[in-house]
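The chain contents come next:
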Amino acid sequence: DTGVSQDPRHKITKRGQNVTFRCDPISEHNRLYWYRQTLGQGPEFLTYFQNEAQLEKSRLLSDRFSAERPKGSFSTLEIQRTEQGDSAMYLCASTFDLTGGVYGYTFGSGTRLTVV
Amino acid sequence: AQSVSQHNHHVILSEAASLELGCNYSYGGTVNLFWYVQYPGQHLQLLLKYFSGDPLVKGIKGFEAEFIKSKFSFNLRKPSVQWSDTAEYFCAVNERNNNDMRFGAGTRLTVKP
């Protein structure tokens, strides 16, 4: 499969626990994005990487959230001390782009997080 | 504030009807515009995009969209919908050289056979 892969597909966790999600982008893509989507809403931008550098973070990304992309390949998104409001679909997308989003993004299927 | 508005939350059509989904944005600079589709149980897929040139862009599956700069709009159209077009449609915008792509809330399209 040459698309964007996300793992796990579903995660149920108790409030206060930490969770980590993984995203494997398309191998030749240099940009990787994390979005969050809640029911009835469009995806909301969280953060983005160009290669291994995290270049932009949304104000939505509180200090409980951290993302990494070691070696510019896969990325992880960790949420510490989860809250019920963190329940959402977490989407990863990647693109190869040098001029500002021209090609559009390829999205993964997402990780659905439920905090109970 | 920068935003993307999709005014239709849910559209119900019969097969062969024509479709137009509205999208308006509030960015002041040069923008790239996209429509994504999400079929039931599947991931977001790019339907079409506009970044320059002819303001009427054609995408996959017979969809097209027209960029009207004066109206800050990028409406999606299809002359004759099929049952298989049942999905959620998202308009997205990002300013040129800005990587914060913003999405509208989406429009759910239901096509009755």
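This section reports on the structure supplied with the text. (Residues numbered from 1 in each chain as written. Chains lettered and ligands numbered in written order. Predicted model: local features only at pLDDT ≥ 70, side-chain atom pairs only at ≥ 80, totals over all residues. Heavy atoms only, no water.)

On to the overall build of chain A. Check the secondary structure of chain A and you find zero helices and 11 strands. Ordered by position in the sequence, the α and β elements of chain A form the string β-β-β-β-β-β-β-β-β-β-β. On C-alpha atoms alone, chain A measures out to a radius of gyration of 13 Å, which is about the 13 Å that the 2.2 N^0.38 rule sets for 116 residues. By principal-axis analysis of the C-alpha atoms, chain A measures approximately 40 × 25 × 25 Å. Buried positions account for 49% of the 116 residues belonging to chain A. The contacts in chain A between residues at least 6 apart in sequence include a share of 53% that link residues at least 24 apart. Only carbon and sulfur atoms are counted for the fraction: they give 46% of the accessible area of chain A, which is about 5800 Å². In chain A, 14 side chains carry a positive charge and 13 a negative one; their mean positions are 6 Å apart. (Helix = DSSP H or I, 4+ residues; strand = E, 2+ residues; numbered from the N terminus. Rg over C-alpha atoms; globule rule 2.2 N^0.38 Å. Buried < 20%, exposed > 50% of the residue type's maximum accessible area, 1.4 Å probe, protein only. Contact = heavy atoms within 4.5 Å. Areas by Shrake-Rupley, 256 points an atom, 1.4 Å probe, with all protein chains shown as cover. Lys, Arg positive; Asp, Glu negative; His and termini not counted. Charge placed at Lys NZ, Arg CZ, Asp CG, Glu CD.)

Put simply, D7 of chain A and P8 of chain A share a cis peptide bond, and its omega is -5°. Structurally, the position occupied by P8 of chain A is in the loop between β1 (5-7) and β2 (10-13). The phi torsion at A16 of chain B lies on the positive side, around 80°, for a residue other than glycine. As for its position among the elements, A16 of chain B is in the loop between β2 (10-14) and β3 (19-21). Positioned with a positive phi, F72 of chain B is a non-glycine residue whose angle comes to about 50°. Looking at the element boundaries, F72 of chain B is found in the loop between β8 (64-68) and β9 (73-78). Using a relative accessible area of 37% as the deciding quantity, one classes F72 of chain B as partly exposed.

Moving on: the interface of chain B and chain A. Counting from both sides, the interface comprises 20 residues of chain B and, opposite them, 22 residues of chain A. With both sides pooled, the region where chain B packs onto chain A buries about 1700 Å², and carbon together with sulfur makes up 53% of that total. For the pair chain B and chain A, the number of links is zero salt bridges. For the interface between chain B and chain A, the tally reads two residue pairs in polar contact (both at pLDDT 80 or more). Listed by contribution, the elements that provide at least two residues to the side of chain B that touches chain A are β5 (31-38), β6 (45-50) and β10 (87-95) of chain B. With four residues, the single largest contributor to the side of chain B that touches chain A is β5 of chain B. (Buried area = accessible area lost by both parts, 1.4 Å probe. Salt bridge = Lys/Arg side-chain N within 4 Å of Asp/Glu carboxyl O. Polar contact = N/O pair within 3.5 Å; in protein donor to acceptor, adjacent residues only side chain to side chain.)

For the coordinates displayed, the defined rule picks out two disulfides over all chains. Put simply, C23 of chain A and C92 of chain A are joined by a disulfide, and their sulfur atoms are 1.9 Å apart. The sign of the -70° torsion about the S-S bond sets the C23 of chain A-C92 of chain A disulfide as left-handed. One end of the pair, C23 of chain A, is in strand β3 (residues 19-24); the other, C92 of chain A, is in strand β9 (residues 88-95), and 69 residues separate them in sequence. C23 of chain B shares a disulfide with C91 of chain B; S-S distance 1.9 Å. In this structure the cystine formed by C23 of chain B and C91 of chain B twists about its S-S bond by roughly -65°; its chirality is therefore left-handed. With C23 of chain B in the loop between β3 and β4 (24-25) and C91 of chain B in strand β10, this residue pair connects regions lying 68 residues apart in the sequence. In this structure, C23 of chain B and C91 of chain B share a single accessibility class: buried. (Disulfide = S-S within 2.5 Å.)

Moving on, we get to the nonpolar core. The biggest cluster of nonpolar side chains holds 29 residues, and the ones touching the most others in it are L33, W35, L48, F74, L76 and Y89 of chain B. Elements with a minimum of two residues in this core: β2, β3, β5, β6, β8, β9, β10 and β12 (107-112) of chain B. Residues contacting L76 of chain B, with those up to four places away along its chain left out, are L19, E20, L21, W35, L47, L48, F63, E64, A65 and Y89 of chain B. Counting 19 residues, the second-largest nonpolar core is a separate cluster that includes A67, L77, A88 and Y90 of chain A. (Core = buried A, V, L, I, M, F, W, Y, C linked by side-chain atoms within 4.5 Å.)

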